[in-house]
Amino acid sequence: MAFEVAVGRIAGVAEVVTFGGTTLTAAGPGAYIAKATAAGDFPHLLAGVAVMSRYVVGVNRLFWRLLYRLADTRYAL
């Protein structure tokens, strides 16, 4: 039995995994972007990248900034 991670078939880095005769596909923004890329569907590709970018920026601003402030005030030298 060979273990292979399919890169570039349907999805990128780890959205598609083939083990033996079984192929598993993950759902999510990465898979959405990869499918849009494979199909050449530029509007959906742009929408997927925009949504993922907004999510990353939102998490950084809301979550990590609060944790940084807490650490800075609590553990300041």
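Residues numbered from 1 in each chain as written. Predicted model: local features only at pLDDT ≥ 70, side-chain atom pairs only at ≥ 80, totals over all residues. Heavy atoms only, no water.

(A) Geometry of the overall build of the protein chain. Across its full length, the protein chain holds two helices and three strands. Each helix and strand of the protein chain, placed in order from N terminus to C terminus, yields the pattern β-β-β-α-α. Burial statistics for the protein chain: of 77 residues in total, 13% are counted as buried. In the protein chain, the proportion of contacts linking residues at least 24 apart, taken out of those at least 6 apart, comes to 7%. Entry remark: accessible area of the protein chain is about 6,300 Å², with carbon and sulfur atoms responsible for 68%. (Helix = DSSP H or I, 4+ residues; strand = E, 2+ residues; numbered from the N terminus. Buried < 20%, exposed > 50% of the residue type's maximum accessible area, 1.4 Å probe, protein only. Contact = heavy atoms within 4.5 Å. Areas by Shrake-Rupley, 256 points an atom, 1.4 Å probe, with all protein chains shown as cover.)

(B) The arrangement of helix 2 (residues 42-74) in detail. For helix 2, spanning 33 residues, the distance from its first C-alpha to its last is 47 Å, which sits close to the expected 48 Å at 1.5 Å a residue. Along helix 2, the sharpest change in direction is near 30° and occurs at Trp64. (Expected span 1.5 Å × (residues − 1). Bend = angle between axes of the 7 residues up to and from the residue.)

(C) View of the confidence of the model for the protein chain. The pLDDT averaged across the protein chain works out to 80; a share of 79% of its residues lies at or above 70. Element-level mean pLDDT values for the protein chain span from 45 in strand 1 (residues 3-5) up to 92 in helix 2. Counting contacts from residues 1-12, a segment whose pLDDT is below 50, to residues more than four positions away or on other chains yields 26 contacts. (pLDDT = per-residue confidence, 0-100.)

(D) Region of the structure containing a nonpolar patch on the surface. Judged by side-chain polarity, Leu62, Phe63, Trp64, Leu67 and Leu70 come together as a nonpolar surface patch covering roughly 530 Å² of accessible area. Relative to the helices and strands, Leu70 resides in helix 2. (Patch = residues over 30% accessible without salt bridge, like charges linked within 9 Å, V, L, I, M, F, W, Y side chains within 5 Å. Salt bridge = Lys/Arg side-chain N within 4 Å of Asp/Glu carboxyl O.)

(E) Examining the packing of aromatic side chains more closely. Summed over the entire model, instances satisfying the criterion amount to one aromatic pair. Ring plane angle 75° and centroid distance 4.8 Å describe the contact between Phe63 and Trp64, whose orientation is recorded as edge-to-face. When its relative accessible area of 48% is taken as the criterion, Trp64 is described as partly exposed. (Phe/Tyr/Trp six-rings, centres within 6.5 Å; stacked < 30°, edge-to-face > 60°.)

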